[in-house]
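# A look at the structure
The primary structure of each chain is shown beneath.
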Amino acid sequence: MAEEMLSFAWKAYNEIGYELNTSCISQKNLIDFFPNPHQRHVFMERVVQRTPSGEETDEYLHSYPEQNKFNPFFNYELGCGEIRHCYIAHLENLLPAWRQQLKNNDQLLEEDFEVAQLIIHEDAVEYKNIKAQKIIFCDGLSSFENRFFNLLPFAPNKGEMLIVEIPGLPDHHIYKKGFVLAPLEGMGTFWFGSNYQWKFDNAEPTKEFYDQAERHLKAWLKISYKIVDHKAGLRPATLERRPFVGLHPVHPTIGILNGMGTKGCSLAPFFAKQLADHIIYNCPITPEADVKRFSKILAR
Ligand SMILES: Cc1cc2nc3c(=O)[nH]c(=O)nc-3n(C[C@H](O)[C@H](O)[C@H](O)COP(=O)(O)OP(=O)(O)OC[C@H]3O[C@@H](n4cnc5c(N)ncnc54)[C@H](O)[C@@H]3O)c2cc1C
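Below is a summary of the structure that appears in this document. The shown structure was predicted, so the numbers you read here are calculated from the model rather than taken from an experiment. (Residues numbered from 1 in each chain as written. Predicted model: local features only at pLDDT ≥ 70, side-chain atom pairs only at ≥ 80, totals over all residues. Heavy atoms only, no water.)

It is worth spelling out the sheet that holds strand 9 (residues 135–137) at this point. Reading across the sheet, the three strands line up as 9-16-15 and stay open at both edges, with mixed pairing between neighbours. The open sheet is flanked by strand 9 and strand 15 (244–247), the only strands paired with a single partner. Across the sheet, the axes of successive neighbouring strands diverge by a mean angle of 20 degrees, strand direction being ignored. Where strand 15 and strand 16 (residues 254–258) come together, four bridges link them in antiparallel fashion. Residue pairing in the sheet places Leu 247 in a bridge with Gly 255 of strand 16. Lying on the sheet, helix 5 (residues 264–281) is in contact with strand 9, strand 15 and strand 16; it crosses strand 15 at an angle near 15 degrees. (Pairing = 2+ DSSP bridges. Helix = DSSP H or I, 4+ residues; strand = E, 2+ residues; numbered from the N terminus. Axes fitted to C-alpha atoms, helices over the stretch in contact; angles between N-to-C directions. Contact = heavy atoms within 4.5 Å.)

Time to look at the side chain of Thr 206. Here Thr 206 lies in the loop between strand 13 (189–193) and helix 4 (207–220). Only 2.8 Å separates the side chain of Thr 206 from the side chain of Glu 160, close enough to count as a polar contact. Not counting residues up to four positions away in its chain, the partners in contact with Thr 206 are Lys 158, Glu 160 and His 230. (Polar contact = N/O pair within 3.5 Å; in protein donor to acceptor, adjacent residues only side chain to side chain.)

Core analysis: the biggest nonpolar cluster contains 23 residues, and Phe 33, Phe 70, Phe 74, Tyr 175, Leu 181 and Phe 192 have the highest contact counts within it. Mapped by element, the contributors of at least two residues to this core are strand 1 (25–33), strand 10 (157–165), strand 12 (179–183), strand 13 and helix 4. The leading source of residues in this core is helix 4, at four residues. Not counting residues within four places of it along the chain, the set of residues in contact with Phe 74 comprises Phe 33, Leu 169, Tyr 175, Leu 181, Trp 220, Leu 221 and Lys 222. (Core = buried A, V, L, I, M, F, W, Y, C linked by side-chain atoms within 4.5 Å. Buried < 20%, exposed > 50% of the residue type's maximum accessible area, 1.4 Å probe, protein only.)

Here it is in structure tokens:
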């Protein structure tokens, strides 16, 4: 569903950016530096693709003719290709601006939600002094421990990243060689990551990742750089790599929008709209994402 998801996300982030008066998304192509001959071969094999109507197109993957263009900045012995139609969601702008708007409108309580205090009635929910028709949990990892949804097959995944200042590196592309270097808004600063860890003791940044990432940067970049931050996070991933969207089959006053794993930025706008349309107009939710597929488990 990439085409549908990405065009939806592009429109949604632009609309929210317009409303919040900030830049929430930009389009950048990705330069894929081949880390080994096999990857190069796989990329080249896929350059020409067929559209659903059978026409040949190289709209997404492109053999990049200006192979030497990035020589001043990177070491890359095996060449590069270009992936088009990539986007960067500027969460660093979106999240604080959205939080501020909610606060201005008196629509946000900045406190920990305590699920134990939630009272479920047949056609309403009650939490402290608030009564509502429904409650929707968009609480990421906390749903793993939430008594309504903790039986869902979540499979949290840890990832780490660095913020790196690289003065002089053009910010008109995203760069990839195993790891990704993505330009942040603001001159010369890049996001560098990430890894995928299925086994971990905590959500803290590790020295192992820092050392590995630094070695990678040293070998890849020809120009000077400075690591200014190191962060880690847990992705709310799921065993079958599909989101959890919809209303609880036993308690239809409770909803969920979660399980977007490694792809929350691209999937969230699309599925948030589906969930809203489902609640208001009873429109269907994509079956692969509908939490209804776990009706038996959630009825336990
Ligand atoms: C290193 C890394 C790299 C990633 N790269 C990408 C990428 O390139 N593209 C992409 O699309 N996605 C990426 N992701 C994944 C993306 O960040 C997630 O899919 C997305 O954040 C999930 O959104 P969410 O709103 O479901 O959950 P979260 O972002 O986890 O948000 C849940 C929110 O609920 C709040 N909350 C939880 N419990 C409570 C409570 N009891 N009371 C009050 N508030 C509560 C939390 O504080 C949090 O703010 C990456 C993740 C990581 C860690």
